[in-house]
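Listed here are the chains, written in short residue letters.
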Amino acid sequence: MSEEKTQITVLDRVLSYVDSPFKLFAILLMAVFTFVGYFVWQNQAFLIGAYKEQQKLPSIAEDRVEDAAAHLFKNTEATVVAIFKVNPMFGTRVLHRAYTKDGRDKTHEGLDVGLFTANVANNRDVVALMASEVPCGPYKTAQSEIGLWYIQKGVTYGCRISVPPEQGKFIGQITVGWKEEPPDVDQYRVLLQIAATMLSRSKQ
């Protein structure tokens, strides 16, 4: 009985204190901060481990980006080439560079389109990329904001490849688009594999 009275007394004090919307907001904000602090404290080992794993992940060879794009434009007559940095642990896929035949397009650089999304076709391609496949096919509907840019540039057919092209490490992605389906898609897959290998090995 005494415990119930104590709980009621505390509740009465809280309710009597909350006599304005500002105080209610302040209490809710304090509760959120308390929860976040508790969550971080309880999961600090996991968060530190995730950070350490992130630091171990390799990155694309940035000194080969221009070379890889030039190789694809020269040998595949691509309409667009987009190069992404991928972090599968955090589910991010950030546009690093985008090119057309006229040169670099900085419009969407730095945009994170996410790895797995609500788009089924995108998710199917991501699974294929993780399995070191090179998914290719008609591109009729944009799968992301970058996809709208592809379509704006006239792309109707595209291929994707992971960087590096081998299974097990997925640190980047190359997307190549054409205005028409290439005459020899299998040969172009080989050329994409060469570009992906270039981005996984620095000149230095």
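What you are looking at is a predicted structure, and each value in this text was computed from that prediction instead of being measured.

**Some thoughts on the overall build of the chain**
- In terms of regular secondary structure, the chain is built from seven helices and six strands.
- Seen in sequence order, the chain has helices and strands lined up from the N terminus as α-α-α-α-β-β-β-α-β-α-β-β-α.
- Counting all 204 residues of the chain, 37% fall into the buried class.
- Sequence-distant contacts in the chain: of pairs separated by 6 or more residues, those separated by 24 or more amount to 56%.
- About 12,700 Å² of surface is accessible on the chain, with carbon and sulfur atoms providing 58% of the total.

**What to know about helix α4 (residues 65-76)**
- An ideal rise of 1.5 Å per residue puts 16 Å on twelve residues; α4 measures up with 16 Å between its terminal C-alpha atoms.
- Turning to α4, its buried residues number three or more, namely Val65, Ala68, Ala69, His71, Leu72, Phe73 and Thr76.
- Considering only its buried residues, α4 is in contact with β1 (80-87), β2 (92-100), β6 (172-178) and α7 (185-198).
- Backbone geometry just downstream of α4 places Glu77 in the positive-phi region, at approximately 55°.

**Some words on the state of the cysteines**
- In the structure shown here, the tally under the stated rule is one disulfide.
- Disulfide partner of Cys136: Cys159, at an S-S distance of 2.0 Å. Looking down the S-S bond of the Cys136 and Cys159 bridge, the torsion is 120°, so its handedness is right-handed. Taken as a pair, Cys136 in strand β4 (residues 136-138) and Cys159 in strand β5 (residues 157-163) lie far apart in primary sequence, 23 residues in all.

**Examining the layout of surface pockets**
- Roughly 230 Å³ of volume is contained in the largest pocket.
- Along the wall of the largest pocket there are 14 residues; nearest its centre are Glu77, Thr79, Lys101, Trp178 and Lys179.
- Taken together, the residues that form the lining of the largest pocket break down as four nonpolar, three polar and seven charged.

**Some thoughts on the pairing of β1**
- Of all eight residues that make up β1, seven are buried, and the element is covered over most of its length.
- Inspection of the sheet shows β1 paired to β2 by eight bridges, in the antiparallel sense. Residue pairing for β2: Lys85 is matched across the bridge by Val94.
- Hairpin connection, β1 to β2: the antiparallel pair is bridged by four residues, and Gly91 has positive phi, about 70°.
- Where β1 lies against β6, six bridges are found, and the strand directions are antiparallel. By the bridge assignment for β6, Ile83 is matched with Ile174.

**Looking at the pattern of salt bridges**
- Scanning the entire structure with this criterion turns up seven salt bridges.
- For the salt bridge of Lys85 with Glu62, the shortest nitrogen-to-oxygen distance reads 2.6 Å. With Lys85 in strand β1 and Glu62 in the loop between α3 (44-56) and α4, this residue pair connects regions lying 23 residues apart in the sequence.
- The class of Lys85 is partly exposed, set by a relative accessible area of 28%.
- What makes Glu62 partly exposed here is its relative accessible area of 43%.

**Overview of the sheet that holds β2**
- Spatial strand order, β3-β2-β1-β6-β5-β4: six strands in an open sheet with antiparallel pairing. Sheet topology places β3 (103-104) and β4 at the edges, where each strand pairs with a single neighbour.
- Each of β1, β2 and β6 is contacted by α4, which is oriented at about 55° to β2, the strand it contacts most.
- Packing against the sheet, helix α5 (residues 120-130) makes contact with β2, β5 and β6, and its axis sits at approximately 45° to β5.

Conventions adopted
- Residues numbered from 1 in each chain as written.
- Predicted model: local features only at pLDDT ≥ 70, side-chain atom pairs only at ≥ 80, totals over all residues.
- Heavy atoms only, no water.
- Helix = DSSP H or I, 4+ residues; strand = E, 2+ residues; numbered from the N terminus.
- Buried < 20%, exposed > 50% of the residue type's maximum accessible area, 1.4 Å probe, protein only.
- Contact = heavy atoms within 4.5 Å.
- Areas by Shrake-Rupley, 256 points an atom, 1.4 Å probe, with all protein chains shown as cover.
- Expected span 1.5 Å × (residues − 1).
- Disulfide = S-S within 2.5 Å.
- 1 Å grid on protein atoms, 1.4 Å probe; cavity = no way out; pocket = protein on both sides within 12 Å on 5 of 7 lines; lining within 4 Å.
- Points joined across faces, edges and corners; volume = space filled by probe spheres on them.
- Nonpolar A, V, L, I, M, F, W, Y, C, P; charged D, E, K, R; others polar.
- Pairing = 2+ DSSP bridges.
- Salt bridge = Lys/Arg side-chain N within 4 Å of Asp/Glu carboxyl O.
- Axes fitted to C-alpha atoms, helices over the stretch in contact; angles between N-to-C directions.

In short, geometric facts, not functional conclusions.
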